[in-house]
Each structure stands twice: as C-alpha cells, then as structure tokens.
Amino acid sequence: MTDVVDSDELLRRLQRARAYARDEERTWRDRRDALRPTDPGESREAAVRVLAYEAVVRVLDEILTPGKRAGK
C-alpha cells in the first residue's frame, strides 16, 4: 500500500536523505584517504562512492534549495 504524505513530511524526508548522503560522503572520503597509501584498489572504489554521494547531495540540494549551487 502507498502511504500518502503531506508536503512537510516529504520535506523532512528529503532533508534526512540529504543529511544521510552527506554523512556517507564524509565516511567514504575518510576511508578513501586512509586506504590511499596501503590499498590503491580499495581507495579507488571508495573514491567512486564519494563521487556517487556527491551527486546525490547536489541533486537533493537543488530540490531543497533551488539555485543555491548555481554559482559553483
């Protein structure tokens, strides 16, 4: 069954998703940096995940605050 949510709940969910994506981006960035000297292959995998989470954060930022990143 599909839940019906109001706009405030939808906004809260999007904000939580953006916060989660930012946390994951930081986690994978730290992992990438820690692995770089010892395991270049895993470091590359972590770098790809960083890029993926950066993209998610950019999309959610544009949804939640349109035009905020226009100058970047």
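This write-up is about the structure you can find in this document. For every chain, the first residue of the written sequence is number 1, and numbering continues from 1 along that sequence. Where totals are concerned, whole chains, interfaces and linings use all residues; where local detail is concerned, this predicted model gives features only for residues with pLDDT of at least 70, and gives and counts side-chain atom pairs only at 80 or more. In computing side-chain values, all of the structure's heavy atoms are included and hydrogens and water are not.

Quick look at the environment of Ala 47
(1) Moving on: Along the polypeptide, Ala 47 turns up in helix H2 (residues 40-64).
(2) Moving on: A residue is classified by how much of its surface remains accessible, and Ala 47, at 23% relative accessible area, is partly exposed.
(3) Moving on: With 19 residues separating them in the primary sequence, Ala 47 and Trp 28 have C-alpha atoms 7.2 Å apart. Here a strand is any run of E in DSSP of at least two residues, a helix any run of H or I of at least four, and the numbering for each starts at the N terminus. Relative accessibility decides the category of a residue: with a 1.4 Å probe and only protein chains considered, values under 20% of the type maximum give buried, values over 50% give exposed, and everything between is partly exposed.

Notes on the environment of Tyr 53
(1) Moving on: You can see Tyr 53 is positioned in helix H2.
(2) Moving on: Tyr 53 sits 17 residues away from Arg 36 along the chain, and the two C-alpha atoms are 19 Å apart.
(3) Moving on: Once residues lying within four places of it in the same chain are set aside, the contact partners of Tyr 53 are Tyr 20, Ala 21, Glu 24, Glu 25 and Trp 28. The contact criterion used throughout is that any non-hydrogen atoms of two residues lie within 4.5 Å.

What about the pattern of salt bridges?
Side chains carrying opposite charge are able to pair once their charged atoms draw close together.
(1) Moving on: Think of a salt bridge as a Lys or Arg side-chain nitrogen and an Asp or Glu carboxyl oxygen that are within 4 Å of each other. The full count for this structure, using the stated rule, is 11 salt bridges.
(2) Moving on: One salt bridge connects Glu 54 with Arg 29, and the closest N-O pair in it is separated by 2.9 Å. Of this pair, Glu 54 sits in helix H2 while Arg 29 is found in helix H1 (residues 7-35), placing the two residues 25 residues apart along the sequence.
(3) Moving on: Residue Glu 54 is classed as partly exposed on the basis of its relative accessible area, which comes to 22%.
(4) Moving on: The exposure class assigned to Arg 29 is partly exposed, which follows from its relative accessible area of 25%.
(5) Moving on: In this structure, a network of salt bridges that share partners links the residues Glu 9, Arg 12, Arg 13 and Arg 16.

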